[in-house]
Amino acid sequence: MQNTNRVQSVAVLSIGITTVLALCPTIQAGTVFEDDFSKASATGTDKAGAVESAGSWQGGRTAVGIELVSDSALGAGQSMQVRFPPNSTVYTTFDPVSLENVGDRIDVKFRCRFPNEQAPMISGLRFGLYNAEDEGKAMNGSGYVMTVDPATGKGPSIAFDPNTSEKTMLGGSDPVPIVAFGTATKPFGTEAHTISFTLEKAADGIHVSWSVDNVPAVKGVDANSSTTTFNAFVLGLGGRADAITIDDVVVTKTP
Ligand SMILES: [Ca+2]
């Protein structure tokens, strides 16, 4: 009798495991975009560069300097260093992903390092996901923008940037705040950091959150989301003219 029970238990257990395994593909995240710059090549000039890699990286608002560097703090192999003029951005596009159903989420992660110590600047470091459109003179689009003062870690923010006229991606003047200034996160020196952020569709809107080195920085809800499709990762330094080195950019979509 005991043996029979044991056989039944094992049978039930294995059916359970089979069911979980069968369901797994529907709840696992799929990689939408991944770039470690291992096969990248830099083109253009020091002032107007581009990097062809898993992504086609280039200036979004104006030309930027881009080069491939070896940075041991970011690990072995090539990393991409961007030298920004003031109010410029770098971006790459990928196949569009959409937040269609409640529970759909997009996760973005990248590693970065400032070669130079940063002076305090509100909203100095900015990054986000956009639905980018090529409008001829410049890339434009709508999306979610995250910012922080990199020197102090103060004022981490989340905003929605609509695609209004004459504005460009990661622009500072027209985004609609979702969280204007959160509690200070950790400051950025010249050490490497991992930044991650998530957009998740819920019944009450798009939940947006971001972290530095897995420590939550700020989170908020956009109840009036008008953009749910994204095809571009964008990064900038606000009004600062300086460089940042990035590596291991990964975008995943769940389910
Ligand atoms: Ca790399």
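Note that the coordinates shown come from a computational prediction; the quantities given were computed from them, not determined experimentally.

(A) Main features of the overall build of the protein. Assigned secondary structure in the protein consists of one helix and 17 strands. Put simply, 67% of the contacts in the protein that link residues at least 6 apart link residues at least 24 apart. Of the roughly 11900 Å² that the protein leaves accessible, carbon and sulfur atoms contribute 53%.

(B) Spotlight on the coordination of the calcium ion. The calcium ion binds to the protein through Asp36 (O), Gln78 (O), Asp247 (OD) and Asp247 (OD), with metal-donor distances spanning 2.2 to 2.7 Å. Here the donor residues for the calcium ion map to a single chain with the spacing D-x41-Q-x168-D. Here Asp247 lies in strand S17 (residues 242-254) and Gln78 lies in strand S6 (residues 78-84), a separation of 169 residues in the sequence.

(C) The environment of Ile158, seen in detail. Residue position: Ile158 is located in strand S11 (residues 157-161). Residues contacting Ile158, with those up to four places away along its chain left out, are Val145, Met146, Pro177, Ile178, Val179, Val208, Ser209, Trp210, Val218, Lys219 and Gly220.

(D) Structural detail: unusual backbone geometry. Put simply, Thr254 and Pro255 share a cis peptide bond, and its omega is 0°. With respect to the element layout, Pro255 can be found in the segment after S17. For Phe37, which is not glycine, the phi dihedral falls at a positive 60°. Along the chain, Phe37 falls in the loop between strand S1 (30-35) and strand S2 (41-44). In this structure Phe37 comes out as buried when scored by relative accessible area, which is 0%. At Asp248, a residue that is not glycine, the phi angle is positive and equals roughly 50°. Tracing the backbone shows Asp248 in strand S17. Asp248 gets classed as partly exposed once you look at its relative accessible area, which sits at 26%.

(E) Representation of the pairing of strand S16 (residues 229-236). The element S16 is largely enclosed, with a buried count of seven among its eight residues. Strand direction decides the pairing type here: strand S7 (residues 89-98) and S16, joined by seven bridges, are antiparallel. Within S16, the position partnered with Tyr91 by the bridge is Val234. Sheet topology note: the strand S9 (residues 125-134)/S16 ladder contains five bridges and is antiparallel.

(F) Fine view of the pairing of strand S3 (residues 49-52). In terms of strand pairing, S2 meets S3 through four bridges, oriented antiparallel. Looking at the pairing, Ala42 lines up with Val51 of S3. As paired elements, S3 and strand S4 (residues 56-59) share three bridges and run antiparallel to each other. Paired with Val51 across the strands is Trp57, a residue of S4. As consecutive antiparallel partners, S3 and S4 are separated by three residues.

About the cut-offs
Residues numbered from 1 in each chain as written. Predicted model: local features only at pLDDT ≥ 70, side-chain atom pairs only at ≥ 80, totals over all residues. Heavy atoms only, no water. Helix = DSSP H or I, 4+ residues; strand = E, 2+ residues; numbered from the N terminus. Contact = heavy atoms within 4.5 Å. Areas by Shrake-Rupley, 256 points an atom, 1.4 Å probe, with all protein chains shown as cover. Donors = N, O, S within 2.8 Å, 3.2 Å for Na, K, Ca; no water. Buried < 20%, exposed > 50% of the residue type's maximum accessible area, 1.4 Å probe, protein only. Pairing = 2+ DSSP bridges.

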